[in-house]
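Remarks on the overall topology
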Amino acid sequence: MNAAELIGNVFLPVSLGIIMLGMGMTLVPTDFSRILRYPKSVIIGLTNQLIFLPAIGFALALAFDLNPVMAVGLMVLSACPGGATSNLITQVSKGNIALSVTLTAFASVMSILTIPLILSFALEYFIGRTGVEIELPISDTVIQIMGITVIPISIGMFIRKHRPQFAIRMEKPMRVASTVIFILVFIGVLAANAEKLAEGMKEAGLVTLALNITTMGIGYLTAKFFKLKMENAISITIESGIQNGTLAFVIVTSILKNVEMGIPTGAYSIWMFVTGGILMWRLGKRPTQSDSYHKVSKV
């Protein structure tokens, strides 16, 4: 196993799992029950992820006159839901973690239906062939989501319930640790994939930067248009612009069998870490009503 595989297959999942554990210690069941009672934020977030994001990706592929392979690669990325990284960035940026986790889970399940439709359209439009049978690795996707997000978050919530004082004391240290891990992962990804990422930035850097900024901007504007609270707007902004790059790579390499289509995902990963880091730096310092996410407020 080389350095890139070690970081992607071992260090990154384990790191995110630890971060999700700490994140779970900031959550209580009422954080999720409020979302079910007031689903407006979830609907807006899913609309951004499942409808606006692919539409923006398609428009940018046309506007930048991408070659067919790059265009399909961009559409693969645009069709993917958010991942565990978005939950991490939301936590450090002091967004609504429960909303972020809910959007990640819902979008991941719904993408089982939406990704084949979007990719079939992209293949037909840009390449002119529809003979590729698209079936998502459902079991692998579910296991990935469960292992990295649901299970450690559930353990963290269990600790919060039975050791509340310990969980509250650990909130700030875990937030700091999450930031450090984020930086180390970013540096590791850069070092291990320098050659591939350089190629990706050259071929798809500008269009993927436009995709990242546009989707985050629309996520924030739609949230503010519907007068959502700031922490909910932060969650939707991040979920709209942080995609599951791992799933995108699985699709292009295992299903479409075209590694070149993964170039936009590689380039996007750089911008994702950069813009996510900026949000963590700027929003993580802002004052909030409480350092705890255990609030009784309307979502």
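Data block above holds the structure.
Definitions and limits used
Each chain carries its own residue numbering, running from 1 in the written order of its sequence. In view of the model being predicted, local features appear only for residues whose pLDDT reaches at least 70, and side-chain atom pairs are presented and counted only at 80 or more, with totals across whole chains, interfaces and linings using the full set of residues. Where side-chain values are given, they derive from all heavy atoms of the structure, hydrogens and water being excluded. Every helix listed is a DSSP run of H or I at least four residues long, and every strand listed is a run of E at least two residues long, numbered separately from the N terminus. Exposure categories follow from relative accessible area, calculated using a 1.4 Å probe and restricted to protein chains: below 20% of the type maximum is buried, above 50% is exposed, and the middle band is partly exposed. We get accessible surface area from the Shrake-Rupley algorithm with a probe of 1.4 Å; when it comes to residues, only the shown protein chains can shield them. Here, a salt bridge means any Lys or Arg side-chain nitrogen found within 4 Å of an Asp or Glu carboxyl oxygen. Interaxial angle, 0 to 180 degrees, is taken between N-to-C directions of lines fitted to C-alpha atoms, where a helix line uses only the stretch in contact. With respect to orientation, any angle under 35 degrees is reported as roughly parallel, any angle over 145 as roughly antiparallel, any angle of 65 to 115 as roughly perpendicular, and every other angle as oblique. Each crossing gets its handedness from the near helix: less than a right angle anticlockwise from the far helix is left-handed, clockwise is right-handed. Should any heavy atoms of two residues lie within 4.5 Å, those residues are counted as being in contact. For this scheme, ten residues count as nonpolar: Ala, Val, Leu, Ile, Met, Phe, Trp, Tyr, Cys and Pro. Four count as charged, namely Asp, Glu, Lys and Arg, and the remainder, Gly too, count as polar. Each pair of aromatic rings taken from Phe, Tyr and Trp, with Trp reduced to its six-membered ring, is defined by centres within 6.5 Å and is described as stacked if the planes are under 30 degrees apart, edge-to-face if over 60, and tilted in the remaining cases. Only lysine NZ and arginine CZ atoms are considered, and such an atom sits over a ring when it is within 6 Å of the ring centre and within 35 degrees of the ring normal. Residue types Ala, Val, Leu, Ile, Met, Phe, Trp, Tyr and Cys, when buried and joined through side-chain atoms within 4.5 Å, form a set referred to as a nonpolar core. Grouping into patches uses exposed residues only, defined as over 30% relative accessible area, and leaves out salt-bridged ones; the cut-off is 9 Å for like charges and 5 Å for nonpolar side chains (Val, Leu, Ile, Met, Phe, Trp, Tyr).

**Remarks on the overall build of the protein chain**
The number of helices and strands found in the protein chain is 12 helices and 0 strands. The proportion of buried residues among the 299 residues of the protein chain is 55%. When the accessible surface of the protein chain is totalled, it reaches about 13,800 Å², and 69% of it is carbon and sulfur.

**Structural notes on the pattern of salt bridges**
Counted by the stated rule, this structure contains 1 salt bridge. A salt bridge links E231 to K229, with the shortest nitrogen-to-oxygen separation between them at 3.7 Å. With relative accessibility at 15%, the residue E231 sits in the buried group. The exposure class of K229 is partly exposed, given its relative accessible area of 31%.

**Describing the packing of helix α3 (residues 40–63) against helix α10 (residues 230–241)**
One can describe the packing of α3 onto α10 by two numbers: an axis separation of 9 Å at closest approach and a directional angle of 20°. The orientation of α3 with respect to α10, classified from their angle, is roughly parallel. Between α3 and α10 lies a crossing whose hand is right-handed. In contact with S41, I44, G45, N48, Q49 and L53 of α3, α10 contributes N232, I236, E239 and S240. Here the residues of the contact of α3 with α10 sort into 3 nonpolar, 6 polar and 1 charged.

**Observations regarding the environment of R163**
Its place among the elements puts R163 in the loop between α7 (138–162) and α8 (164–192). Since its relative accessible area comes to 55%, R163 is described here as exposed. Taking the C-alpha atoms as reference, R163 lies 9.3 Å from M25; in sequence the two are 138 residues apart.

**Topic: the packing of aromatic side chains**
With the rule as written, the count across this model stands at 6 aromatic pairs. Look at F225 and F226: their rings are 5.1 Å apart centre to centre, the planes differ by 90°, and that puts the pair in the edge-to-face class. Under the relative-accessibility criterion, F225 is labelled exposed at 64%. For F226, a relative accessible area of 40% puts it in the partly exposed group. Through successive ring pairs, a cluster of aromatic residues spans F58, F121, Y125 and F126. Its end group placed over the ring of W281, R282 keeps NZ or CZ at 5.5 Å from the ring centre.

**Considerations on the nonpolar core**
V76, F126, L211 and I251 are the most contacted members of the largest nonpolar core, which has 45 residues in total. Looking at this core, the elements with two or more residues in it are α3, α4 (68–79), α5 (84–92), α6 (97–127), α9 (194–225), α10, α11 (245–255) and α12 (263–283). Top element by residues in this core is α4. It accounts for 9 residues. L50, L103, A223 and A233 belong to the second-largest nonpolar core, a separate cluster that totals 11 residues.

**Description of a nonpolar patch on the surface**
Together, L62, F121 and Y125 make up an exposed nonpolar region whose accessible area comes to about 300 Å². Summarising the element assignment, F121 is placed in helix α6. Given the relative accessible area of 38%, F121 is considered partly exposed.

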